[in-house]
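Structure assessment
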Amino acid sequence: MQATFLWLLSSAATAGQLTTNQYGAELHWEDDYVPFQLNPGGKHGLDHDEIESVVIEAAEQWRGIDGSWLELSYEGRTEAETYTSGDGVHAVFFVDEWTDNPDLLALTYTYSYEDGAISHFDIAINTDGHKWTTKGSEDSNDLLNALVHEFGHAVGLDHSSDTEASMFSQTSVGEVTKRDLAEDDVLTYASLYDGYFPYPEASMGCSTSGSSNGNGSSVSGPTGAGGGAYSPFDSSAGCSLVGGSGQMVALFAGLLVAFRRRTEDS
Ligand SMILES: [Zn+2]
């Protein structure tokens, strides 16, 4: 009954936060099966097979939480390399020419319906001026460390003020402490998915879509999906940037959230 115990614990106060969309709804998955793919390409110098192992291991951290019904499932490699919901591929990919804040090591883009149900995510890793390692090298950013954090965003978590948490927003070169979920991460996750457990039958029919980030620079929305309104979202709510002091100069994951309205499936 460990699982039950976990869910009961979830009412305890945590430092972790949940991501809410502009309608105030908590981001969450309603589908229990969440596939994702990897595009290992890029100028990172890493072995593609080792990247693949790391990506799978990162997702497993969340998938493996006792009592969780959310099945993050690796479905092989993809050529996808953009954060768009239009391709239908939940992709992890590397960006050699990063156009966002150069201090950001990675970004998770999450799309949700008005009620908070997540419809899509993509994870971008910044290789533009940032060194990465799959083996915990002290002079590089640890890929597993980063991806555990990013997958946390992909399942609906926001940053935690708990410095031990994988969802703590800051990191430093060589850090590996986010590789394993802290109690705070698990409790925050449980507090979210307890509310959707057992999961309701999902009706994911949608006809409109759009996206925008909070910086005013537009992001291409999916096309051909019915002309949805573009909804601006203050991305600063997802990630506060703190830089320059000591080694804690790098940040994980700003969060860019775009919204798709849920409509009745015809
Ligand atoms: Zn983050």
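These numbers were taken from a predicted model, which means no experiment stands behind them.

Section: the environment of Glu138
Within the element layout of this structure, Glu138 appears in the loop between strand 6 (132-133) and strand 7 (141-142). Note: C-alpha distance between Glu138 and Val176 (38 residues apart in sequence) is 9.4 Å.

Overview of the pairing of strand 5 (residues 118-126)
In terms of residue burial, strand 5 counts as a mostly covered element, since nine of its nine residues are buried. Relative to strand 5, strand 3 (residues 91-95) runs parallel, the two sharing four bridges. Along strand 5, the bridge assignment pairs Phe93 with Ala124. Here strand 4 (residues 104-113) pairs with strand 5 via seven bridges, running antiparallel. When the sheet's bridge partners are listed, Thr108 is paired in strand 5 with Ile123. Counted along the chain from strand 4 to the antiparallel partner strand 5, the turn is four residues long, and its residue Gly116 has a positive phi close to 95 degrees.

Overview of the confidence of the model for the chain
On average, residues of the chain carry a pLDDT of 75, and 68% of them reach 70 or more. Scored below 50 in pLDDT, residues 1-11 shows 15 contacts in the model against residues more than four places distant or in partner chains.

Focus: the packing of helix 2 (residues 48-63) against helix 3 (residues 143-154)
At a minimum axis distance of 8 Å, the contact between helix 2 and helix 3 shows a crossing angle of 45 degrees. If you check the angle between helix 2 and helix 3, you find them oblique. Both helix 2 and helix 3 take part in a crossing whose hand is right-handed. Residue-level contacts link Ile51, Val54, Val55, Glu57, Ala58, Ala59, Gln61 and Trp62 of helix 2 to Leu143, Leu144, Leu147, Val148, Phe151 and Gly152 of helix 3. A class-by-class count of the residues in the contact of helix 2 with helix 3 yields 11 nonpolar, two polar and one charged.

Details of the environment of Gln37
Tracing the sequence through the fold places Gln37 in strand 1 (residues 33-39). Gln37 gets classed as partly exposed once you count the C-beta atoms within 10 Å, which come to 17. Taking the C-alpha atoms as reference points, Gln37 and Glu79, separated by 42 residues in sequence, lie 9.2 Å from one another. What Gln37 contacts, discounting residues up to four positions off in sequence, is Glu75, Gly76, Arg77, Thr78, Ala80, Val89, His90 and Ala91.

Topic: the environment of Thr127
Tracing the sequence through the fold places Thr127 in the loop between strand 5 and strand 6. Remark: the alpha-carbon pair of Thr127 and Lys43, spanning 84 residues in sequence, is separated by 7.0 Å. When neighbours within four sequence positions are excluded, Thr127 is seen to be in contact with Gly42, Lys43, His44, Phe94, Val95, Asp96 and Trp132.

Concerning helix 3
Quick reminder: α-helices carry 3.6 residues per turn. Residues three or four places apart thus point the same way. Across its 12 residues, helix 3 extends 16 Å between first and last C-alpha, which sits within 8% of the 16 Å expected from 1.5 Å per residue. Most of helix 3 sits inside the fold, with 12 of its 12 residues counted as buried. Within helix 3 the residues assigned to the buried category are Leu143, Leu144, Asn145, Ala146, Leu147, Val148, His149, Glu150, Phe151, Gly152, His153 and Ala154. Phi turns positive, to about 115 degrees, at Gly156, one or two residues after helix 3.

Calculation notes
- Residues numbered from 1 in each chain as written.
- Predicted model: local features only at pLDDT ≥ 70, side-chain atom pairs only at ≥ 80, totals over all residues.
- Helix = DSSP H or I, 4+ residues; strand = E, 2+ residues; numbered from the N terminus.
- Buried ≥ 20, exposed ≤ 12 C-beta atoms within 10 Å, placed from the backbone.
- Pairing = 2+ DSSP bridges.
- pLDDT = per-residue confidence, 0-100.
- Contact = placed C-beta atoms within 7 Å.
- Axes fitted to C-alpha atoms, helices over the stretch in contact; angles between N-to-C directions.
- Parallel < 35°, antiparallel > 145°, perpendicular 65-115°, else oblique.
- Left-handed = near helix turned anticlockwise from the far one by under 90°.
- Nonpolar A, V, L, I, M, F, W, Y, C, P; charged D, E, K, R; others polar.
- Expected span 1.5 Å × (residues − 1).

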